[in-house]
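# Structural description and commentary
Now for the letters of each chain:
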Amino acid sequence: ISVLFLTLLLLFLALFPGAFNCCMKISDEISKGILRRVERFEIQKAGGLCHLEAVILHMKGRKFCVNPWNRKVKKMMKKMKHKIHRSKFNVRKQRRTRITKQKEQKQ
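Right, let's walk through the structure included here. This is a predicted model, so every value here is computed, not measured. (Residues numbered from 1 in each chain as written. Predicted model: local features only at pLDDT ≥ 70, side-chain atom pairs only at ≥ 80, totals over all residues. Heavy atoms only, no water.)

Before going further, it helps to examine the overall build of the protein. Within the protein one finds three helices and three strands. Split into buried and exposed, the 107 residues of the protein put 24% on the buried side. Taking all contacts inside the protein whose residues are at least 6 apart in sequence as the whole, residues at least 24 apart take part in 47%. Just so you have it, the protein exposes about 9300 Å², and 59% of that area is on carbon and sulfur atoms. (Helix = DSSP H or I, 4+ residues; strand = E, 2+ residues; numbered from the N terminus. Buried < 20%, exposed > 50% of the residue type's maximum accessible area, 1.4 Å probe, protein only. Contact = heavy atoms within 4.5 Å. Areas by Shrake-Rupley, 256 points an atom, 1.4 Å probe, with all protein chains shown as cover.)

Here is the structure:
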């Protein structure tokens, strides 16, 4: 019986890998110190296997589940998206400049 249970458990985990990654409760308050150390975030939608709307903040092997309507969290998410967009733009601009310089040197 235990082998059957273990097999069913492994099958469940293979079919629904996110089943145990859902936030079961969220915090309404989060310190500024934690928000400054956030490396990335995910948005958890209510539905499917997860029953709560949440923002999952990732930082050095830890994660925090917070209220997506928290003003500080919204501000941090907006700042991070802006930073990511700006850095991608700068990389493209630098690459374009490098290619232009290489073409000029060949002529």
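Back to the text.
This structure, assessed with the given rule, holds two disulfides. Disulfide partner of C22: C50, at an S-S distance of 1.9 Å. Every disulfide takes its handedness from the sign of the S-S torsion; for C22 and C50 that torsion is -70 degrees, giving left-handed. Of this pair, C22 sits in the loop between α1 (2-15) and α2 (32-36) while C50 is found in the loop between β1 (40-44) and β2 (54-59), placing the two residues 28 residues apart along the sequence. (Disulfide = S-S within 2.5 Å.)

What follows is about the pairing of β2. Extensive coverage of β2 is indicated by the burial of six of its six residues. The sheet contact formed by β1 and β2 spans five bridges and is antiparallel. Its bridge partner lying in β2, E42 is registered against I56. The pairing of β2 with strand β3 (residues 62-66) spans five bridges and is antiparallel. When the bridges of β3 are listed, M59 appears paired with R62. The antiparallel hairpin formed by β2 and β3 contains two residues in its connecting segment, where K60 sits at a positive phi of about 35 degrees. (Pairing = 2+ DSSP bridges.)

Relative to the assigned elements, Q44 resides in strand β1. A distance of 2.8 Å separates the side chain of Q44 from the backbone oxygen of L52, its partner in a polar contact. Not counting chain neighbours up to four residues away, the residues in contact with Q44 comprise N21, C22, C23, C50, L52, E53, A54 and I56. (Polar contact = N/O pair within 3.5 Å; in protein donor to acceptor, adjacent residues only side chain to side chain.)

Here the focus is a positive patch on the surface. A cluster of basic side chains, namely K32, R36, R37, K60, R62, K75 and K79, defines a positive patch on the protein surface. Contributing elements (two or more residues each) for the positive patch: α2 and α3 (71-106). By the secondary structure assignment, K60 is in the loop between β2 and β3. (Patch = residues over 30% accessible without salt bridge, like charges linked within 9 Å, V, L, I, M, F, W, Y side chains within 5 Å. Salt bridge = Lys/Arg side-chain N within 4 Å of Asp/Glu carboxyl O. Lys, Arg positive; Asp, Glu negative; His and termini not counted. Charge placed at Lys NZ, Arg CZ, Asp CG, Glu CD.)

For the rest of this paragraph, the subject is the sheet that holds β2. An order of β1-β2-β3 is seen for the three strands of this open sheet, with the pairing classed as antiparallel. A strand with exactly one partner marks an edge of an open sheet, and here the two such strands are β1 and β3. Here the strands of the sheet are splayed against their neighbours by 20 degrees on average, with no regard to which way each runs. (Axes fitted to C-alpha atoms, helices over the stretch in contact; angles between N-to-C directions.)

The next point concerns the pattern of salt bridges. Overall, the coordinates contain two salt bridges when judged by the stated rule. The partner of E29 in a salt bridge is K72, and the shortest N-O contact between them spans 3.9 Å. Of this pair, E29 sits in the loop between α1 and α2 while K72 sits in helix α3, and the two are 43 residues apart along the sequence. For E29, a relative accessible area of 57% gives the class exposed.

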